[in-house]
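What the coordinates show
The primary structure of each chain is shown beneath.
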Amino acid sequence: MTAETSGTTSTTEQNRGGLEGVVAATTVLSKIEGTTGKLIYRGYNIHDLARSTSFEEIAYLLWYGKLPTKMELVDLKVQMLEERTLPTEVLQVLNDLPSTIAPMDALRTAVSAWGAMSVEGKPGIDQAIALTVRFPVFLAAFHRLRNGLEPLESHPELDYAANYLYLLSGQIPKEEHVKALNAYLVLLADHGMNASTFTARVVASTESDIASAVVAAVGALKGPLHGGAPSKVQDMLEAIGTQDRAEGWLRDALARGERLMGFGHRVYKTEDPRAEELRELARLADPQAFALARRVEELALALLQEQKPGRHLYTNVEFYSAVLLASVGLPGDLFTPTFAASRVAGWTAHILEQINNNRLIRPEAEYTGPTEMHFVPLGER
Ligand code: COA
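Because the structure is predicted, anything quoted here is derived from the model rather than measured.

Conventions we followed
- Residues numbered from 1 in each chain as written.
- Predicted model: local features only at pLDDT ≥ 70, side-chain atom pairs only at ≥ 80, totals over all residues.
- Heavy atoms only, no water.
- Near = heavy atom within 4 Å.
- Polar contact = N/O pair within 3.5 Å; in protein donor to acceptor, adjacent residues only side chain to side chain.
- Areas by Shrake-Rupley, 256 points an atom, 1.4 Å probe, with all protein chains shown as cover.
- 1 Å grid on protein atoms, 1.4 Å probe; cavity = no way out; pocket = protein on both sides within 12 Å on 5 of 7 lines; lining within 4 Å.
- Sits in = over half its atoms within 2 Å of the grid points.
- Nonpolar A, V, L, I, M, F, W, Y, C, P; charged D, E, K, R; others polar.
- Helix = DSSP H or I, 4+ residues; strand = E, 2+ residues; numbered from the N terminus.
- Buried < 20%, exposed > 50% of the residue type's maximum accessible area, 1.4 Å probe, protein only.
- Core = buried A, V, L, I, M, F, W, Y, C linked by side-chain atoms within 4.5 Å.
- Contact = heavy atoms within 4.5 Å.
- Pairing = 2+ DSSP bridges.
- Phe/Tyr/Trp six-rings, centres within 6.5 Å; stacked < 30°, edge-to-face > 60°.
- Expected span 1.5 Å × (residues − 1).
- Arc of directions from axis to C-beta.

With respect to the site of the ligand
Around the ligand, the surrounding shell holds 18 residues, and the nearest of these are Arg-259, Leu-260, Phe-263, Arg-266 and Arg-311. One of the side-chain N or O atoms of Arg-259 is found 2.8 Å from an oxygen atom in the ligand. At a separation of 2.9 Å, an oxygen atom of the ligand approaches a polar side-chain atom of Asn-316. Within the complex, the protein chains bury 74% of what would otherwise be the 860 Å² of accessible surface of the ligand. In a pocket analysis with a 2 Å cut-off to the grid points, the ligand is assigned to the largest pocket. Residue composition of the shell around the ligand, by class: 8 nonpolar, 5 polar and 5 charged.

Below you can see the structure in the form of structure tokens.
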């Protein structure tokens, strides 16, 4: 019996390794148009939202399905303010972790510890808010502890982006840094059925709890093919160093069969619309770093076109994320966790969407191994 006659879809017949092109859920949260390079959050084009909304407004939009009124936004911020604390038990766990581990691992551990102590019952918006606002709190606490500093309490007058920078450094952040980071957080908050969101939905579909679904999503985001790329972009830019070295460095990397971080995307076959916004933000934030990045980008695009014709490899979100996050003072190993501090709004919104119309996500595998092996007991092998 072929896979077709058995009612399943064969990955080999359909060439769908990586589930490419497979529709795994319906969603009203975000839409990606890969050929036109368009990203929509609940009907709003990302270009309209990027520089004129706060992260809090976008989280509200994702969770509640509409942009908030002034009063609704005030109410959300009050709730966020009450929640953004560091529970003693989580502080203890963070304290016990070696200071050398990656912040992404510390974040995953902190979310898991928080979930074990704080989460009961079916996921709801209150849980989504309580978990989301703790991402910057957990990250900043670990960052300070690993540097031998005491974690700080959230600043009552600072919003999500500003408070994150304050919790890291203890200084009231510069206005331009807050604006840049806020725009980054808005741009990264949701993105269709990406690998970490799919992971979160799979876990939620088993009727597990919100923290477990988010822990799994953090693990998926960590990989360099997903959210782990921006620090590697920074490593690349640092290794290149000056514009005159760029072409040789990129050619050598491609000759070794390496992928150029910050380029290519499973869905976008044109430029990622977030890259367009981030390019402009990075230009304003750090003109010097931007100049090198822009040259590297131009050369990389030309070389990918030359060496990988027809693959449609363009700049993705991670390339200028690296320049922007470095410009606001973040170390490279906080880039991916900061991505998580944005995407957690999308993950939690997807978890709520999944459980509100749930069916266990349970695909099939096409077995390609032998079926007629002769069993030999242990002592006779
Ligand atoms: N640099 C060089 N070549 C690349 C490339 C890159 N960044 N991205 C894809 N390619 C090439 C592959 O080598 C492959 O070439 P081949 O046909 O000669 O084998 C072809 O393009 C298709 O790649 P494939 O792995 O099938 O694409 P995908 O849809 O599975 O991969 C990514 C999408 C994002 C994983 C991939 O583009 C990538 O690894 N990019 C770099 C990491 C990155 O920036 N990640 C952040 C994503 S937002």
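And the narrative resumes.
Focus: unusual backbone geometry
Backbone geometry places Glu-207, a non-glycine residue, at a positive phi of 70 degrees. Residue position: Glu-207 is located in the loop between α11 (195-205) and α12 (210-221). In this model, His-312 sits at a positive phi of 55 degrees, which is unusual for a non-glycine residue. Inspection of the secondary structure assignment puts His-312 in the loop between α16 (287-307) and α17 (317-327). For His-312, a relative accessible area of 41% gives the class partly exposed.

Remarks on the nonpolar core
Generally speaking, nonpolar side chains in soluble globular proteins are found buried as a group. By size, the foremost hydrophobic cluster in this structure holds 113 residues, and its most contacted members are Trp-63 and Phe-135. At 11 residues, helix α18 (residues 335-356) tops the list of elements feeding residues into this core. Excluding anything up to four places from it in sequence, Phe-135 contacts Leu-107, Val-111, Tyr-160, Val-214, Val-218, Ala-340, Ala-341, Val-344 and Trp-347.

Some words on the sheet that holds strand β1 (residues 30-33)
Taken together, the 3 strands give an open sheet; going across it, the order is β1-β2-β3, and neighbouring strands pair in antiparallel fashion. Of all strands in the sheet, those bounded by a partner on one side alone are β1 and β3 (44-45). Here β1 pairs with strand β2 (residues 38-41) via 4 bridges, running antiparallel. Looking at the pairing, Ile-32 lines up with Leu-39 of β2.

Quick word on the packing of aromatic side chains
Applying the stated criterion across every chain, the model contains 6 aromatic pairs. Seen in terms of ring centroids, Phe-263 and Phe-319 are 5.0 Å apart; in terms of plane orientation they differ by 50 degrees. Their pairing is tilted. Pair noted here: Phe-263 is in the loop between α14 (246-255) and α15 (273-285) and Phe-319 is in helix α17, with a separation of 56 residues, a long-range link. The buried category is assigned to Phe-263, whose relative accessible area is 10%.

Examining helix α4 (residues 70-83)
Over its 14 residues, α4 extends 20 Å from the first C-alpha to the last, a length consistent with the 20 Å expected when each residue adds 1.5 Å. Within the span of α4, buried status applies to Leu-73, Leu-76 and Met-80. One side of α4 carries all its buried residues, which in axial view fall inside an arc of 60 degrees. In α4, the exposed positions that point more than 90 degrees away from the buried face belong to Met-71 and Glu-82. Lining the buried residues of α4 we find α3 (55-64) and α7 (125-132).

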